[in-house]
Amino acid sequence: MKAVKIKENVYWVGAIDWNVRNFHGYLTQRGTTYNAYLIIDEKVTLIDAVKPNLTNQLIERISDIIDSRKIDIVVSNHTEMDHSGGIPKIMELNPNAELIATANGVKGLNAHYKQNWNFKIVETGSKISIGKHTLQFITTPMVHWPDNMVCYIPEEKILFSNDAFGQHLASSERFDDEYPVDIIMEEARKYYANIVLPYYKPVKKVLDDLKGVDIEIIATSHGIIWRNNVGKIIEEYKKWSSGEVTKKAIIIYDSMWNSTEKMAYALSSAFETKGYFPVICNLQHHHMSDIMTEILSAEYICVGSPTLNNNMMPAVAGFLTYLKGLSPRDRKAVAFGSYGWGGQSIAQIESNLTESGLQVVKSFRAKYIPSDEDLKKITEDLVAIL
Amino acid sequence: MKKHKCVVCGYVYDPEVGDSSGNIKAGTSFESIHDEWECPICGATKDEFDEEE
């Protein structure tokens, strides 16, 4: 396996995970990569590692450039195992290497691996010279864990951004000018919506911190490296973190005998009437991580479930839990559902949506099977408040 | 004295425990912590905390 040259003496030495489709509940239809970077200098430096089971790829790619026992410095920008998983092997090969992380990073690495490694703690403003290159650090807590940081090399104008600006996308191409940029951007959107969304305030802070930084290359820890669209992806992050919405309405539901589904289509008609772009997602067919990508720019989130044994359907409950964690704020919401007798599901959905910080503007209930008249009324009632 | 939760990372400030890393002594109510104090986990500022029921 080969290393890929990023710039003179800077190489990509990561791993390609072609077959992963479930990343802790996130559907990764295009697989992913774990990007590690090797800098050849007076002190040979490795920035991040890979998922544990792909450590052999990391070692092989490092060995394409240099003996894997010649590493002096290892930078761990983020403790999560898809990046730190290869560190135990690297430290086994290089027991005297200095392992650089934030204070929270050191705590995390200790909790994960329980090794007495040669740690060095850095914070925003810390600088370490490795010869011709300088490593500068900016801590980025909660983008995506408390331990996160990014590393910048001013001599090469490369930002090693870890999870920020990343995408789950497996490819042999490494740069954004080698791959269809619309696909990269769509995967970056999905990544933001499913991983970064709750942390919009820390993201804004990071974007502020990066304002004065001259960036030519954003070397992410997942997916494709940005060099032609650096400004564009930063602009998109600004837009996404601002919570900007478009005239989109996402209608999410599960159904037993198609009654709740009929209501979903009645809501959709109302949105169409008022010039919105509705999206209909039956949870039996749409993955919740794909739904989140749609929600990122949606003004309305409508959630429906029939009542099953005095409760909402399990798929709807699962989706609402996922939504609450990702907490897209300042959106309007609609709850709806059909029922036979109890009808508890609709109130449960309302309460979940409210707890997620959404404003429930209307609820619709239908007993057993909504008639054409009932459906027409649902459409009219929603049109009236849009 | 009520506990307060960081809305960014979920850390809970418990006045009975205080925050040793931020030099906040046990027994300090959330309200009396100085304004420059930050969440010991994620660095969020005091206005990012919600009172816990």
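Residues numbered from 1 in each chain as written. Chains lettered and ligands numbered in written order. Predicted model: local features only at pLDDT ≥ 70, side-chain atom pairs only at ≥ 80, totals over all residues. Heavy atoms only, no water.

Looking at the interface of chain A and chain B
If you look at the interface, chain A gives seven residues, while chain B gives six residues. Carbon and sulfur atoms make up 61% of the area that chain A and chain B hide from each other, which totals about 500 Å². On inspection of chain A and its partner chain B, the count reaches two residue pairs in polar contact (both at pLDDT 80 or more). Residues of the side of chain A that touches chain B, tallied by class, amount to five nonpolar, one polar and one charged. (Contact = heavy atoms within 4.5 Å. Buried area = accessible area lost by both parts, 1.4 Å probe. Polar contact = N/O pair within 3.5 Å; in protein donor to acceptor, adjacent residues only side chain to side chain. Nonpolar A, V, L, I, M, F, W, Y, C, P; charged D, E, K, R; others polar.)

Things to note about the nonpolar core
All names here are of chain A. Counting residues in hydrophobic clusters, the biggest one holds 91 residues, and the most contacted among them are Phe 165 and Ile 252. Looking at which element gives the most residues to this core, the answer is helix α5 (residues 181–196), with eight residues. Summarising the domain contributions, this core has at least three residues from each of domain 1 (4–242) and domain 2 (246–385). Grouped together as the second largest cluster of nonpolar side chains are 25 residues, Ile 16, Ile 73, Val 122 and Ala 170 included. (Core = buried A, V, L, I, M, F, W, Y, C linked by side-chain atoms within 4.5 Å. Buried < 20%, exposed > 50% of the residue type's maximum accessible area, 1.4 Å probe, protein only. Helix = DSSP H or I, 4+ residues; strand = E, 2+ residues; numbered from the N terminus. Domains from an automatic or database assignment.)

Examining the packing of helix α9 (residues 288–295) of chain A against helix α10 (residues 314–326) of chain A
Residue and element names in this part refer to chain A. Between α9 and α10, whose axes approach to 11 Å, the crossing angle comes to 45 degrees. The angle between the axes of α9 and α10 places the two elements in the oblique class. As for the relative orientation of α9 and α10, their crossing is right-handed in sense. Contacts between α9 and α10 involve Met 288, Ser 289, Ile 291, Met 292 and Ile 295 on the former and, on the latter, Gly 318, Phe 319, Tyr 322, Leu 323 and Leu 326. (Axes fitted to C-alpha atoms, helices over the stretch in contact; angles between N-to-C directions. Parallel < 35°, antiparallel > 145°, perpendicular 65-115°, else oblique. Left-handed = near helix turned anticlockwise from the far one by under 90°.)

Focus on unusual backbone geometry
Residues and elements named next belong to chain A. Its identity is not glycine, yet Met 142 carries a phi of approximately 70 degrees, on the positive side. Even without being a glycine, Ser 327 presents a positive backbone phi close to 35 degrees. Structurally, Ser 327 is set in the loop between α10 and β20 (332–339). Of the residues examined, Ser 327 reaches a relative accessible area of 25% and is grouped as partly exposed.

Let's talk about the domain arrangement of chain A
Residues and elements named next belong to chain A. As far as domains go, chain A holds domain 1 (4–242) and domain 2 (246–385). On a C-alpha basis, the centres of domain 1 and domain 2 stand 38 Å from each other. The junction of domain 1 with domain 2 conceals about 1300 Å² of combined surface from both sides, 55% of it contributed by carbon and sulfur atoms. Counting the surface domain 1 buries against domain 2, the share from its top three residues, Arg 189, Asn 194 and Leu 197, is 38%. Here domain 1 and domain 2 share one salt bridge between them. One can count nine residue pairs in polar contact (both at pLDDT 80 or more) joining domain 1 with domain 2. Elements with a minimum of two residues in the side of domain 1 that touches domain 2: β5 (26–27), α5, α6 (200–209) and α7 (230–242). (Salt bridge = Lys/Arg side-chain N within 4 Å of Asp/Glu carboxyl O.)

Considerations on the sheet that holds β20 of chain A
Residue and element names in this part refer to chain A. With parallel pairing, five strands are arranged side by side in an open sheet as β18-β17-β19-β20-β21. The sheet is open, and its two borders are formed by β18 (277–282) and β21 (359–367), each paired with just one other strand. On average, adjacent strands in this sheet sit at an angle of 15 degrees to one another, irrespective of strand direction. In the packing of helix α8 (residues 259–273) onto the sheet, contacts are made with β17 (246–253), β18, β19 (298–304), β20 and β21, and the angle to β20 comes to roughly 145 degrees. Docked against the sheet, helix α11 (residues 344–355) engages β19, β20 and β21, running at close to 160 degrees with respect to β20. (Pairing = 2+ DSSP bridges.)

Details of the confidence of the model for chain B
Of the residues in chain B, 100% have a pLDDT of 70 or more, and the chain-wide mean is 92. Scoring of the predicted complex yields 0.93 for pTM and 0.71 for ipTM. (pLDDT = per-residue confidence, 0-100.)

Quick look at the pairing of strand β15 (residues 158–162) of chain A
All names here are of chain A. Counting buried positions over the five residues of β15 gives five, a clear majority of the element. Relative to β15, strand β14 (residues 149–153) is paired through three bridges, and the arrangement is antiparallel. The partner of Cys 151 across the bridge, within β15, is Phe 160. Counting the residues in the hairpin turn of β14 and β15 gives four residues, including Lys 157, whose phi is positive at 55 degrees. Pairing of β15 with strand β16 (residues 217–220) involves four bridges; the strand directions are parallel. Considered in β16, the bridge of Asn 162 is made with Thr 220.

Structural notes on the environment of Lys 324 of chain A
With respect to the helices, strands and loops of the structure, Lys 324 of chain A is situated in helix α10. Beyond its immediate sequence surroundings of up to four residues, Lys 324 of chain A is in contact with Glu 355 and Ser 356 of chain A.

Looking at the state of the cysteines
Formally, a disulfide is one covalent bond, and it connects the sulfur atom of one cysteine to the sulfur atom of another. Inspection of every chain in the model, using the stated rule, returns zero disulfides over all chains. As a non-bridged cysteine, Cys 281 of chain A has Cys 302 of chain A as the owner of its nearest cysteine sulfur, 11 Å distant. (Disulfide = S-S within 2.5 Å.)

As for the packing of α10 of chain A against α11 of chain A
Residue and element names in this part refer to chain A. Running from N to C, α10 and α11 point in directions that differ by 15 degrees, and their axes come no closer than 9 Å. Judged on the interaxial angle alone, α11 and α10 are roughly parallel. Judged by the twist between their axes, the crossing of α10 over α11 is left-handed. Note on element contacts: α11 touches α10 through Ile 349, Asn 352, Leu 353 and Glu 355, opposite Val 316, Leu 320, Leu 323 and Lys 324. Considered class by class, the residues forming the contact of α10 with α11 number five nonpolar, one polar and two charged.

Structural notes on empty space enclosed by the protein
All names here are of chain A. Counting across every chain of the model gives one cavity of 30 Å³ or more. Roughly 40 Å³ of volume is contained in the largest cavity. Taken together, Val 143, Ala 164, Phe 165, Val 203, Val 206, Leu 207 and Tyr 237 make up the full set of residues lining the largest cavity. Among the elements that take part in the lining of the largest cavity, α6 stands out by supplying three residues, more than any other. Grouping the amino acids of the lining of the largest cavity by side-chain chemistry returns seven nonpolar, no polar and no charged. (1 Å grid on protein atoms, 1.4 Å probe; cavity = no way out; pocket = protein on both sides within 12 Å on 5 of 7 lines; lining within 4 Å. Points joined across faces, edges and corners; volume = space filled by probe spheres on them.)

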